[in-house]
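# Examining the three-dimensional arrangement
Chain by chain, the residues:
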Amino acid sequence: SVISRPSITLVAILLVGTTGLIAAVPVASAQSPVKPSFSSLKLGEVMPSGWLKAQMERDITEGFAGHLKELAPEVGSDIFGSGRNTPEKANFAKANAEEAWWNGESEGNWRTGYIMMAYLSGDAHARQETDAYVQHILETQDSDGYIGVYGPQLRYSTSPRNGELWTQACILRGILAYYELTGKPEVLHAVERAVQCSMSMYGPGKMTIFCIPGEGVGGILHGLLFTDVLERLFDLTGNPAYRDFGVWMYKDFCASTEPHSYDMRVSSLLDLHKPWVDHGPHTYEFLRCLLGAYYSTGDPEYHQAYENALVKLHRYQLPSGAGIAMESIDARRPDPTQAYYEYCAIKELLASLVSGLQKTGAGDLGDSVEKILFNAAEGARSANGMGIAYCTRDNRYAVDGAVLGRDKFSPAHSDIAVCCNPNAVQIFPLYVRGMWMRTPDDGLAALLYGPSSVETKVKGVNVRVDENTNYPFSSEVSMVLSPQEPAEFSLMLRNPNWSKSTKVTCQGGTVTRKGNYFIVHKRWTKGDQVKIEFNEPIVELSASNCELYLQRGPLVYALRIPAKALSLKKYKVPGFEDLGYFPVPGADWFYALDPAQNKGDYGFTFQTDKSANLLYPFDAAPVELEGRMINLNTGKSETVSLIPMGSSLASLRRVTFPLGSSPCLQVGLKSPAPKNSEKTGR
């Protein structure tokens, strides 16, 4: 894309007394917007199939995704309806009414995930419940359009710890998703009224959002994610007021001089030497706010800031693809044994990278998204969907409640904050949504792989594409096209960087390569097929702790540590409990790669278990790497099997290993106790 001239320079911050009532920067129409590489399809045009659908179905019927309201009252307080905060009553026990936004985050984020999962899984009961809930929200919407967590006396506060726009973002993302899924015009109208109500309160000569002395570290900063709603409304309606207000929000954020959350301010990002120190989810979610501002304005300073942000991100990413968040980043080294990451951070980073893939078209971002989902996200949840780890790590030698009790598997984490579990309900629907997008010439692009189908109009013709695969447990993908009538267009297929000799075949079609993409052009008729065969060598990659890990395709492999579960708490809903995990007596994970074996794969070979149930592949290990490693306690070479780190069999695991001759052999002998973070973040 061509970078245009700079947008308007930020003006000085103007404050009235100590309340921050005057907006810091002007709203200006976008100067030269940059056209994104792809455009998102409507939610529901891409549907999961195979193991992706099976996992969603089980999550919503058996897992906490479908039972969170019974497990955690925080998500069922009706804070957007009858339970709004009033001066007399706070809808959260730990805060006064003005600051009691926490349940709005929990309920809004859970409802957003539940709405998406209800329709993507096809669960009839969940759909009925979703229909009733959305109708309830529309019926309780105020006459001025307001949808939020505060009664009339408390809304649009200048408190540095209010959660007004953040909680609105949490629920409106879900209501807007419901509109895309159902096409009901009254739902879109309700969202537009709610957003315009809030837009009328902020801006030049009105209120600032972020330039408030004593700026809080929670809700007010998360409020920048209101831009998620604005961006999607602009995509759906074309109204530039939404785009421009989103730019103003980011400028207002950058104009703040408060010390909290400066990682994603332009002034900080332009300095590559400044480390990231803030609350991890804030930093990772604001990445897409910055990118949205660049594509809305064409401001080259934003472009450089985004490029620098990707450089900095790499400094804090672990072998699983996750970014450090304990809760804060605190300039920590991404040591796979000592650095933790939280599930909120996994979800926010994935969502920001999907946004980056859509806008920039950079194929390596797709590699990162898949790595995060199949390794970090699957590896931080129970395969049956009955719990997640609020905080976890790649080398997991125990799940023992470290990081102030966050390191355990729980269906709610009510003792800490009900934030990660609601976010976990969103992550797989967001991945499915990003699997297919539209190209600028009205073709289709396969950007993230897995079993799915897409139905949409292409060149004015109804087209269905069925993507049949067991990816990432198979290197083969077959796409069957079913246009309603013959249609000529191109398919773009992302080629992962780890596949150096991918084969793409299509009878009667032309296949060309352009950068990270294969382009298949044809006049398509019903039954036409495209076949992809990825090349997946076993490769060694370096970790920050002077050790190596093995990856094949998008999967990172780990040594399973025999473990026993410890029940920490049982819930009223049968089957749900908090769990810790500890090594069984005699368990040994002190192994090293053998430098005498072939370099690169260290003598490991790829094996498949043909008896594995590929509808639930993370329940076990349908694929393995088999080879020999040196047991550093005995000095002997032993045959070992490495399994995907996301497998439920790897409740305890070792992902990185020293070389037998490495000077870093002491790394990993024990699991050092991390320094607990005093920050609660959220």
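The structure reproduced in this document is the subject of the present report. (Residues numbered from 1 in each chain as written. Predicted model: local features only at pLDDT ≥ 70, side-chain atom pairs only at ≥ 80, totals over all residues. Heavy atoms only, no water.)

Turning our attention to the state of the cysteines. Across all of its chains, the model carries 0 disulfides by this definition. Here Cys419 is not cross-linked by a disulfide; its sulfur's nearest cysteine counterpart is in Cys344, at 3.8 Å. Residue Cys419 is classed as buried on the basis of its relative accessible area of 1%. There is no disulfide at Cys420, and the cysteine sulfur nearest it, in Cys344, is 3.6 Å away. (Disulfide = S-S within 2.5 Å. Buried < 20%, exposed > 50% of the residue type's maximum accessible area, 1.4 Å probe, protein only.)

Attention shifts here to the nonpolar core. Formed by 214 residues in total, the largest nonpolar core has its most connected members in Trp436, Leu493 and Val530. The greatest single-element share of this core, amounting to 12 residues, is contributed by helix H5 (residues 164-182). If near-sequence neighbours (up to four positions away) are discounted, Trp436 is found in contact with Leu41, Val46, Leu444, Ala445, Ala446, Ser452, Val454, Val465, Glu467, Met479 and Leu491. (Core = buried A, V, L, I, M, F, W, Y, C linked by side-chain atoms within 4.5 Å. Helix = DSSP H or I, 4+ residues; strand = E, 2+ residues; numbered from the N terminus. Contact = heavy atoms within 4.5 Å.)

With respect to the secondary-structure elements, Asn545 resides in the loop between strand E17 (538-542) and strand E18 (548-552). A residue is classified by how much of its surface remains accessible, and Asn545, at 4% relative accessible area, is buried. Side chain to side chain, Asn545 and Glu547 meet in a polar contact 3.0 Å long. (Polar contact = N/O pair within 3.5 Å; in protein donor to acceptor, adjacent residues only side chain to side chain.)

In a structure, side chains of opposite charge can pair up when their charged atoms sit close to one another. This structure, assessed with the given rule, holds 31 salt bridges. Ionic pairing is found between Glu129 and Arg111, a salt bridge with its closest N-O pair at 3.8 Å. Pair noted here: Glu129 is in helix H4 (residues 124-140) and Arg111 is in helix H3 (residues 102-121), with a separation of 18 residues, a long-range link. Glu129 gets classed as partly exposed once you look at its relative accessible area, which sits at 22%. The salt bridge partner of Glu348 is Lys347, with a shortest N-O separation of 3.2 Å. Taken individually, Glu348 and Lys347 each receive the classification buried, so the pair is uniform in this respect. One salt-bridge network, in which partners are shared between bridges, spans Arg173, Asp228, Arg288, Lys347 and Glu348. (Salt bridge = Lys/Arg side-chain N within 4 Å of Asp/Glu carboxyl O.)

A rise of 1.5 Å per residue sets the reference length of helix H6 (residues 185-199), with its 15 residues, at 21 Å; its end C-alpha atoms lie 21 Å apart and thus fit the reference within 8%. Here H6 has its buried residues at Val187, Leu188, Ala190, Val191, Glu192, Ala194, Val195, Cys197, Ser198 and Met199. (Expected span 1.5 Å × (residues − 1).)

Spatially, 6 strands are ordered E2-E9-E10-E11-E16-E13 in an open sheet, and the strand pairing comes out antiparallel. Either end of the sheet is taken by a strand with one partner, and the two such strands are strand E2 (46-48) and strand E13 (503-505). When strand polarity is set aside, the average angle formed by the axes of neighbouring strands in this sheet is 15°. Looking at chain direction, E2 and strand E9 (residues 452-458) are connected through 3 bridges and run antiparallel. Residue pairing across strands places Val46 opposite Val454, the latter belonging to E9. (Pairing = 2+ DSSP bridges. Axes fitted to C-alpha atoms, helices over the stretch in contact; angles between N-to-C directions.)

Taken across its 6 residues, strand E19 (residues 555-560) has 5 buried, putting it largely inside the fold. Judged from the 2 bridges that link them, E18 and E19 form a sheet pairing that is antiparallel. Bridge assignment links Gln551 to a residue of E19, and that residue is Val556. The turn joining E18 and E19, which pair antiparallel and follow one another in sequence, is formed by 2 residues; a positive phi near 60° is taken by Gly553. Looking at chain direction, E19 and strand E25 (residues 636-644) are connected through 3 bridges and run antiparallel.

Attention now moves to the packing of H3 against H4. Between H3 and H4, whose axes approach to 9 Å, the crossing angle comes to 135°. Relative to H4, H3 is oriented oblique. The crossing of H3 and H4 is left-handed. Contacts from Glu107, Arg111, Tyr114, Ile115, Ala118 and Tyr119 in H3 reach Ala126, Arg127, Glu129, Thr130, Asp131, Tyr133 and Val134 in H4. Of the residues that constitute the contact of H3 with H4, the class distribution is 7 nonpolar, 1 polar and 5 charged. (Parallel < 35°, antiparallel > 145°, perpendicular 65-115°, else oblique. Left-handed = near helix turned anticlockwise from the far one by under 90°. Nonpolar A, V, L, I, M, F, W, Y, C, P; charged D, E, K, R; others polar.)

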